[in-house]
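Results of the structural survey
Residue-level listing of the chains:
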Amino acid sequence: MTELIAVAVITVLAVISPGADFAMVIRNSYLYGRTTGLMAAAGVAAGVLVHVTYTMLGVGLLIASSTALFTAIKLVGAAYLVYIGLRTFFARGDLDVDLDSKPQLTRFGALRTGFLTNALNPKTTLFVVSTFTQVVGPGTSVWQQAGYGLFMSAAHFGWFALVALFFSNSRLRTSMLKWQKALNRGIGSVLVGLGVTLGLAR
């Protein structure tokens, strides 16, 4: 049960923390409308599964080959959570999104852009790897790990679908941006606390 709560909390906080995927979905939703934004959100969610797949394989091999190495990587993962928590906490309030140019973008193009944004995103790589190393152990079944991965992907789609809905509407977009700085402070504080707690846990 503790593992499930940890995965849920870390995933939700990491997903709503603004990054390249957030800026890309905002831009597509703002310029091309709701449907294009939703396709980009679906691409982001699919990109997460790439990281989940190789992380599941890698974590399994680490546990089987070296418990000490796995423990070391677990501590590095906890330190990374503290790091991104501090960066999020001190992030400036405004988000820089290029809204000047408007080249043509098909729905498939939006899906592809979302997929590549997260499949090639180092932040997503580190998020998935650090989360898995905190909650996966020798007794964690493959099906349970797959469940964690599917939840991460679904959480990404749910959040970025909301972003697409908000940023395709001018009034909602203004309201969301207004609270961004406070959101960053809250996310950062909780991530730092989680990183410290998981790093000290045995």
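Residues numbered from 1 in each chain as written. Predicted model: local features only at pLDDT ≥ 70, side-chain atom pairs only at ≥ 80, totals over all residues. Heavy atoms only, no water.

**Focus: the packing of aromatic side chains**
Evaluation of the coordinates by the stated rule reveals two aromatic pairs. When the ring of F22 is compared with that of W159, the centres are 6.4 Å apart and the planes differ by 15 degrees; the resulting orientation is stacked. Note that F22 is positioned in helix α2 (residues 20-32) and W159 in helix α7 (residues 142-167), a separation of 137 residues in sequence. Considered together, F22 and W159 belong to a single accessibility category, that of buried residues. Measuring from centroid to centroid gives 6.2 Å for F22 and F167, while their planes differ by 85 degrees, and the two rings are edge-to-face. With F22 in helix α2 and F167 in helix α7, the pair connects residues that are 145 residues apart, well separated along the chain. Note on accessibility: F22 and F167 belong to one class, buried. (Phe/Tyr/Trp six-rings, centres within 6.5 Å; stacked < 30°, edge-to-face > 60°. Helix = DSSP H or I, 4+ residues; strand = E, 2+ residues; numbered from the N terminus. Buried < 20%, exposed > 50% of the residue type's maximum accessible area, 1.4 Å probe, protein only.)

**Quick look at the nonpolar core**
Residues F22, V25, W159, F160 and V163 are the most contacted members of the largest nonpolar core, which totals 16 residues. At the level of secondary structure, the elements contributing two or more residues to this core comprise α1 (2-16), α2, α3 (34-65) and α7. For this core, the element with the most residues is α7, which contributes six residues. Formed by 14 residues, the second largest nonpolar core is a distinct cluster that contains V48, V52, F127 and M152. (Core = buried A, V, L, I, M, F, W, Y, C linked by side-chain atoms within 4.5 Å.)

**Overview of the packing of α2 against α7**
With their axes 8 Å apart at the nearest point, α2 and α7 run at an angle of 40 degrees to one another. When the interaxial angle is binned, α2 and α7 end up oblique. Handedness of the crossing formed by α2 with α7: right-handed. The residues of α7 that touch α2, namely those facing D21, F22, V25, I26, S29 and Y30, are H156, W159, F160, V163, A164 and F167. Among the residues forming the contact of α2 with α7, the class breakdown is nine nonpolar, two polar and one charged. (Axes fitted to C-alpha atoms, helices over the stretch in contact; angles between N-to-C directions. Parallel < 35°, antiparallel > 145°, perpendicular 65-115°, else oblique. Left-handed = near helix turned anticlockwise from the far one by under 90°. Contact = heavy atoms within 4.5 Å. Nonpolar A, V, L, I, M, F, W, Y, C, P; charged D, E, K, R; others polar.)

**Some points on a nonpolar patch on the surface**
A contiguous nonpolar surface patch, about 440 Å² in accessible area, is contributed by V50, Y54, F115, L116 and L120. Among the secondary structure elements, those contributing two or more residues to the nonpolar patch are α3 and α5 (107-119). Here L120 shows up in the loop between α5 and α6 (122-135). (Patch = residues over 30% accessible without salt bridge, like charges linked within 9 Å, V, L, I, M, F, W, Y side chains within 5 Å. Areas by Shrake-Rupley, 256 points an atom, 1.4 Å probe, with all protein chains shown as cover. Salt bridge = Lys/Arg side-chain N within 4 Å of Asp/Glu carboxyl O.)

**A few points about the packing of α2 against α5**
Each packed pair of helices is defined by two parameters, the angle between the axes and the distance between the axes. For the pair α2 and α5, interaxial distance at closest approach is 9 Å and the crossing angle is 165 degrees. Relative to α5, α2 is oriented roughly antiparallel. The two elements α2 and α5 meet at a crossing, and its hand is right-handed. Two secondary-structure elements touch here, α2 through A20, D21, M24 and N28 and α5 through A110, T113, G114, T117 and N118. Grouping the amino acids of the contact of α2 with α5 by side-chain chemistry returns three nonpolar, five polar and one charged.

**A closer look at the environment of I16**
As for its placement among the helices and strands, I16 is situated in helix α1. Along the backbone, I16 and H156 are 140 residues apart, and their C-alpha atoms lie at a distance of 8.4 Å.

**Concerning the side chain of Q145**
Counting through the fold element by element, Q145 comes out in helix α7. Q145 sits in the buried class, given a relative accessible area of 7%. Discounting residues that sit within four places of it in the chain, Q145 has contacts with M56, F132, V136 and T140.

**Digging into the confidence of the model for the protein chain**
For the protein chain, the average pLDDT comes to 78, and 76% of its residues sit at 70 or higher. The secondary-structure element of the protein chain with the lowest mean pLDDT is helix α8 (residues 170-178), recorded at 68, while α7 shows the highest, at 92. (pLDDT = per-residue confidence, 0-100.)

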